[in-house]
Amino acid sequence: MPVAERNIASSHPLLERLADARQKSDALFSLVQEQFLYERPIPERHRIVFYIGHLEAFDWNLLNESIARVESTHPEFDRLFAFGIDPAGDGLPTDVPSDWPTLEAVRAYVSNIRSALDQHLEKAMLEKAMINPEAAGRDGFPLATLLNVAVEHRLMHVETLAYMLHQLPSTMKINPTSHQRNLRDVSGIAIEPDTVAVPAGVVTLGLPRNSSDFGSDNVFGWDNEFEANTQEVLGFTIDKYKVTNGQYLEFMAAGGYEKPMFWTDEDWEWKSSNGMNHPAFWRKEDDRWYYTTMFDQVPLPLDWPVYLSQAEASAYANWAGKCLPTEAEWQHAAYGTREGNERPFPWGDQAADSPSAKNLGNFDLRNWDPTPVNAFPEGQSAFGVHDMMGNGWEWTSSVFAPFPGFKPFSFYEGYSANFFDGKHFVMKGGSARTAACMLRRSFRNWFQAHYQYVYAGFRCVSR
Ligand SMILES: [Fe+2]
């Protein structure tokens, strides 16, 4: 697989992170047997090969104007690989493998882009452009912001590509030798559900924007994270753990997929027209349920979080006589304290990328699959809610919408704004495949309500 042509990592921490992110994306593509790189594991998405080119085209289109301003070696590929697909659109893509360039050509493109960018990035560092926001960057944004965008964009794809490769048959993948599933993680023992009372409070959402810290290395945030705002929430009770596969089986046994009363009209129509009667990660054989892991199939782990679409999560909540939390409620349960303060992380101050954070949750690409929902008691929030960071994003009932004062990034106008359409819902938390840098309090993820392939579960609230 392509690797960085030059060792840029020693020049600056952000270049070190870019090199690390490239290694992670290269490692992900190397899980696919080469003859299957033109497969399309998720019908609504591009073929895998697109993403090999996309990660470099994105970096080139973002950074060249700021640091190099040189002629592209391949303008056609810069456009071909520029944009992904959001499955909210109508119709499925109809391209065929032969519509795409050869692997050899795509890999040469990747290598050339990396060489060209790295040469200029090193120079920019040497010129100390990083410490002078006016010296380099784009539209008033410092180069540090653009590099953060490049790093996080790549790491987000490393996660969403894992969703995609999860749907690829295991016979087309190469199981990494380092991957040995820990059988203790599949206990098959149901968790005893419990709830936690969360008192009323004031919640901070988003990041403050000001001239000195907007876009600086320390407080990078995407456009939708600005500006900081507060919301009051009333007291509520929330599930102590994420809803498990075992609990979801009860919903199914109660006819959850057969009774329209639990579904909105739109969700019922979607579910019915697709003939759905179980979560996408489940399989039934000989009357027994199995769970498709990244590289395997195991008897359904009853104590793992159920992964599903927001529509299915909402139907379960209706059946249970509860609701999905709002974004503000989720934020309060995760970061609030009984003293009325807010913590940087649910467990306190410890950074998510610190070595001991492995005891705090299932995140930062350590595992390919979920763990039991009670596996990380040390990571619980001040109110005693478990597993809020990692082990699966959590759906909220909040439509993805801008905070007051929102301004799109001029260099990536559609990143968030294209999804303020009332069809996408906020997800919070993170999954096993979410990099630590995106486990910040203000980070917001979103998907449309009928997307089933995301590593996302939920928990319920009562008001
Ligand atoms: Fe992208």
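To keep things clear, this report deals only with the structure shown in the data block.

How each quantity is defined
- Residues numbered from 1 in each chain as written.
- Predicted model: local features only at pLDDT ≥ 70, side-chain atom pairs only at ≥ 80, totals over all residues.
- Buried ≥ 20, exposed ≤ 12 C-beta atoms within 10 Å, placed from the backbone.
- Helix = DSSP H or I, 4+ residues; strand = E, 2+ residues; numbered from the N terminus.
- Contact = placed C-beta atoms within 7 Å.
- Axes fitted to C-alpha atoms, helices over the stretch in contact; angles between N-to-C directions.
- Parallel < 35°, antiparallel > 145°, perpendicular 65-115°, else oblique.
- Left-handed = near helix turned anticlockwise from the far one by under 90°.
- Core = buried A, V, L, I, M, F, W, Y, C linked by C-beta atoms within 7 Å.
- Domains from an automatic or database assignment.
- Pairing = 2+ DSSP bridges.

1. Observations regarding helix H8 (residues 310–319)
The element H8 is extensively covered by neighbouring structure, given that 8 of its 10 residues are classed as buried. Those residues of H8 that sit buried are Gln 310, Ala 311, Glu 312, Ala 313, Ser 314, Ala 315, Tyr 316 and Ala 317. Buried-residue contacts for H8 involve helix H6 (245–253), helix H7 (265–273), strand E10 (393–399) and strand E11 (424–428). Gly 321 occupies a position one or two residues after H8 and carries a positive phi of about 75°.

2. Notes on the packing of helix H1 (residues 13–29) against helix H5 (residues 143–166)
When two helices pack together, their arrangement is given by the angle between the helix axes and by the axis-to-axis distance. For the pair H1 and H5, the least separation of the axes is 10 Å and the interaxial angle reads 20°. On the basis of the axis angle, H1 is roughly parallel to H5. As for the relative orientation of H1 and H5, their crossing is left-handed in sense. The residues of H5 that touch H1, namely those facing Leu 14, Arg 17, Leu 18, Ala 21, Lys 24, Ser 25 and Leu 28, are Ala 144, Leu 147, Ala 150, Val 151, Arg 154, Leu 155, His 157, Val 158, Leu 161 and Ala 162.

3. Description of the nonpolar core
Among the nonpolar cores identified, the biggest contains 102 residues, and Leu 18, Leu 147, Ala 150, Phe 425, Met 427 and Val 454 are the most heavily contacted of them. Sort the elements by how many residues they give to this core and H5 lands first, with 13 residues. Three or more residues apiece are contributed to this core by two domains, here domain 1 (13–172) and domain 2 (177–463). Not counting the four nearest positions on each side in its chain, Leu 18 is found in contact with Leu 147, Ala 150 and Val 151.

4. As for unusual backbone geometry
Glu 227 follows Phe 226 through a cis peptide bond whose omega is 0°. By the element assignment, Glu 227 lies in the loop between strand E4 (201–205) and strand E5 (229–233). Although it is not a glycine, Asp 364 sits at a positive phi angle of roughly 65°. Its location among the elements puts Asp 364 in the loop between helix H9 (327–335) and E10. Located in the positive-phi region is Asp 387, a residue other than glycine, with phi close to 70°.

5. Side note on the sheet that holds strand E7 (residues 282–285)
The sheet built from 3 strands is open, its strands ordered E7-E8-E9 with antiparallel pairing. Two strands in the sheet have a free side with no partner beyond their single neighbour: E7 and strand E9 (297–299). Ignoring which end each strand starts from, the neighbouring axes of this sheet average 40° apart.

6. Considerations on the sheet that holds strand E6 (residues 236–239)
Read across the sheet, 3 strands follow the order E3-E6-E14 without closing on themselves; strand pairing throughout is antiparallel. The strands lining the two open edges of the sheet, one partner per strand, are strand E3 (195–198) and strand E14 (461–462).

By themselves, these are just geometric observations and shouldn't be taken as functional.
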